[in-house]
Amino acid sequence: MDLGLKGRKAIVCASSRGLGKACAMSLAREGADVVINGRNAEVLDLAAHEIAAVAKGSVTPIAADINTPEGRERLLAACPAADILVNNNDGPPPGAFQQWDESHWQAALNANLLAPVFMIKALIEGMKERRFGRIVNITSAMVKAPRSAMGLSTTARSGLTAISKALSVDAAPFNVTINNMLPERFDTDRQQQMAKLAMQFKKITYEEARAEIAESIAAKRMGQPFEFGDACAFLCSAQAGFISGQNLQLDGGSYPGLI
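Thresholds applied
- Residues numbered from 1 in each chain as written.
- Predicted model: local features only at pLDDT ≥ 70, side-chain atom pairs only at ≥ 80, totals over all residues.
- Heavy atoms only, no water.
- Disulfide = S-S within 2.5 Å.
- Buried < 20%, exposed > 50% of the residue type's maximum accessible area, 1.4 Å probe, protein only.
- Patch = residues over 30% accessible without salt bridge, like charges linked within 9 Å, V, L, I, M, F, W, Y side chains within 5 Å.
- Areas by Shrake-Rupley, 256 points an atom, 1.4 Å probe, with all protein chains shown as cover.
- Salt bridge = Lys/Arg side-chain N within 4 Å of Asp/Glu carboxyl O.
- Helix = DSSP H or I, 4+ residues; strand = E, 2+ residues; numbered from the N terminus.
- Core = buried A, V, L, I, M, F, W, Y, C linked by side-chain atoms within 4.5 Å.
- Contact = heavy atoms within 4.5 Å.

In this section: the state of the cysteines. When the sulfur atoms of two cysteines share a covalent bond, that bond is a disulfide. One pass over the full model with this rule turns up 0 disulfides. Sulfur of cysteine 236: no disulfide; nearest cysteine sulfur belongs to cysteine 232 and is 4.2 Å away. Residue classification places cysteine 236 among the buried positions, given a relative accessible area of 0%.

Turning to a nonpolar patch on the surface, a few remarks are in order. Judged by side-chain polarity, Met1, Phe234 and Ile243 come together as a nonpolar surface patch covering roughly 300 Å² of accessible area. Its location among the elements puts isoleucine 243 in the loop between helix H8 (225-235) and strand E7 (247-250).

Within the largest apolar cluster, 31 residues are counted, with the highest numbers of intra-cluster contacts made by Leu27, Val34, Ile36, Val86, Met181 and Phe228. Of all the secondary-structure elements, those providing two or more residues to this core are strand E1 (9-12), helix H1 (18-29), strand E2 (33-38), helix H2 (41-52), strand E4 (84-87), strand E5 (133-138) and H8. With 6 residues, H1 is the single largest residue contributor to this core. In this structure phenylalanine 228 touches Leu19, Cys23, Ile138, Met181, Pro183, Phe186 and Leu250, once residues within four positions along its chain are discounted. Among the nonpolar cores identified, the runner-up in size contains 23 residues, and Ile62, Ala156, Ala171 and Val176 belong to it.

Structural data, given as structure tokens:
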């Protein structure tokens, strides 16, 4: 299927590794001109070379911290008329509610609510004027199935979900869509970190921790990043113009709820 992305301009935040990189890879393969982003210039340049190897459009790396106004300005200056925005950022680590002070909450809100909101604010009016826009927020399965240990992430990302839903109604008449992707248990650096935490807490081996993670998923395996990236590319496609304000769960069928 031709997704109609050739020549479209895309910004993918936090895309030097993991799911962000997978999204950038899929968009580039479909012909979009992609601006990728990360804080570590060396890691970012390596990702740019990997993506360029399969790209049908241009790949531009921008080293910047999107948690700061200066970092966002630098990223937006590289692609001020983006047709596609994929919001992504590191999530806060799990922890205990009583241990989190104001600085923990502020950091979570800044990274997982305010940074993506300001990226949307900077680009959505231009998308509406051009009558094409695709905004995808990478959030978390914990938005729909909260757990107290992930409370920082759940709270911030639920706020992003709420404002995105509200904005999606206003943007729909202009062929601008806003959707959220809710990953759980993809085989990325994040799951390696979670396995190492499990090793410490449960006094088990890394292999045992990985096996426990896989067993917790209905599909009995972790998701592969390319599966996530290709789903993102479809949500950004010309064909997805009637899909907006939705939360797409990518969790191997694990979510137990009906809605």
